[in-house]
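# Tertiary structure, described
Listed below are the residues making up each chain.
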Amino acid sequence: MKFKKIILFCLELIFPPHCIFCDKIVAPGTKICQGCVCAIKPVSAVRCMNLPDSGQNIPCAVLYSYEDQVRDSIIRFKFYAEKSNAEFYADQLSELIGNRMNASSFDVVTAVPISHERKKGRGYNQSELIARKIAEKLNLPYRECLEKIRDNPEQHLLPRTERMKNVKGIYRADKDLAAGESVLLIDDIVTTGFTLCECARVLLENGAKAVSCAAIAQVERTPC
């Protein structure tokens with residue numbers, strides 16, 4: 001691992017990295033410029049999401065508000081193959097999880113899945129990229145505990161009143177991977193929270209002991 005870091009540092013001397021938020025060239029070994037460090041203030045909050053019909057609260061750690069440079073960065077990561085951003089997001093989320101959640105209580109890390117068709121077209125699941133790196137940093141196994149069994153309209157294209165219905169019945173959990181486990185569920189953006197709540201519900205109904213969530217950014221802020 002140390003040798004790998006040395007190689008990456010040498011490569012960045014030849015091909016300087018760019019700030020993941022504003023795209024300015026930054027020093028080797030860094031991911032964000034000093035201007036963005038000062039301008040972009042993390043929310044670093046834990047919000048509570050209430051599972052419909054059960055009254056159970058699911059904690060969700062979030063790093064940023066989904067606006068301005070953060071929004072642009074996530075869009076480039078999600079739709080324009082800037083996959084190297086996952087390392088920075090995972091570093092920051094792992095630190096937040098360690099500070100604000102009981103990281104030692106988790107047994108497994110998983111991600112909100114996308115459909116097979118969407119993953120084939122995009123080439124990757126952005127939430128999975130982050131989740132796998134978080135699992136490495138927290139020394140936990142990554143498992144594909146969830147599957148999206150059919151495609152549906154993207155949540156951000158729908159009014160709030162339609163979003164809960166839009167995610168009903170589209171996820172399936174693997175009992176062999178989830179049962180008896182405390183699951184850390186990773187997504188990229190939290191808007192209404194319906195997607196994460198539906199995934200959490202499916203995991204719990206298939207035997208997961210507990211579910212907690214984490215995401216890069218939030219549209220609505222409802223901290224615990």
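Scope of this entry: the structure provided in the associated data block. Predicted, not measured: the structure shown is a model, and the values here were computed from it.

This part covers the sheet that holds strand β6 (residues 182-190). Here 5 strands make up an open sheet; going across it, the order is β1-β2-β7-β6-β3 and the pairing mixed. Looking along the sheet, the strands with just one partner apiece sit at the ends: β1 (45-50) and β3 (108-111). Taking the axes of each pair of neighbouring strands and ignoring which way they run, one obtains an average angle of 30° across the sheet. Relative to strand β2 (residues 57-65), β1 runs antiparallel, the two sharing 6 bridges. Bridge pairing in β2 links Val46 to Ala61. The strands that helix α6 (residues 126-137) touches are β3, β6 and β7 (210-218); relative to β6, the one it contacts most, it runs at about 135°. Lying over the sheet, helix α9 (residues 194-205) contacts β1, β2, β6 and β7, oriented at roughly 165° with respect to β6.

The next point concerns helix α7 (residues 160-167). Along α7, the residues classified as buried are Arg163, Asn166 and Val167. The buried residues of α7 occupy an angular sector of 75° when projected down its axis, which confines them to one face. Residues Thr161 and Lys165 are exposed on α7 and point more than 90 degrees away from its buried face. Looking at the buried residues of α7, the elements they touch are β5 (171-173) and α9. Where α7 ends, the next residue or the one after it, Gly169, has phi of about 75°, a positive value.

Moving on, we come to the environment of Gln92. Turning to its location among the elements, Gln92 is positioned in helix α4 (residues 85-100). Each residue touching Gln92, except ones within four places of it in the same chain, is listed here: Leu63 and Tyr64.

Conventions and cut-offs
- Counting of residues starts from 1 at the beginning of each chain's written sequence and follows it residue by residue.
- Totals for whole chains, interfaces and linings use all residues, but because this is a predicted model, local features are given only for residues with pLDDT of at least 70 and pairs of side-chain atoms are given and counted only at 80 or more.
- Hydrogens and waters are ignored; side-chain quantities use all the structure's heavy atoms.
- For two strands to be treated as a pair, DSSP must find at least two bridges joining them.
- Counting from the N terminus, the helices are DSSP H or I runs at least four residues long and the strands are E runs at least two residues long.
- Here, axes are lines fitted to C-alpha atoms. For helices the fit covers the stretch in contact, and angles between N-to-C directions go from 0 to 180 degrees.
- Only heavy atoms matter for contacts: two residues are in contact if any of them lie within 4.5 Å across the pair.
- Burial classification: accessible surface area is computed with a 1.4 Å probe over protein chains only, and a residue below 20% of its type maximum counts as buried, one above 50% as exposed, and the rest as partly exposed.
- The directions from the helix axis to the C-beta atoms form the arc being described.

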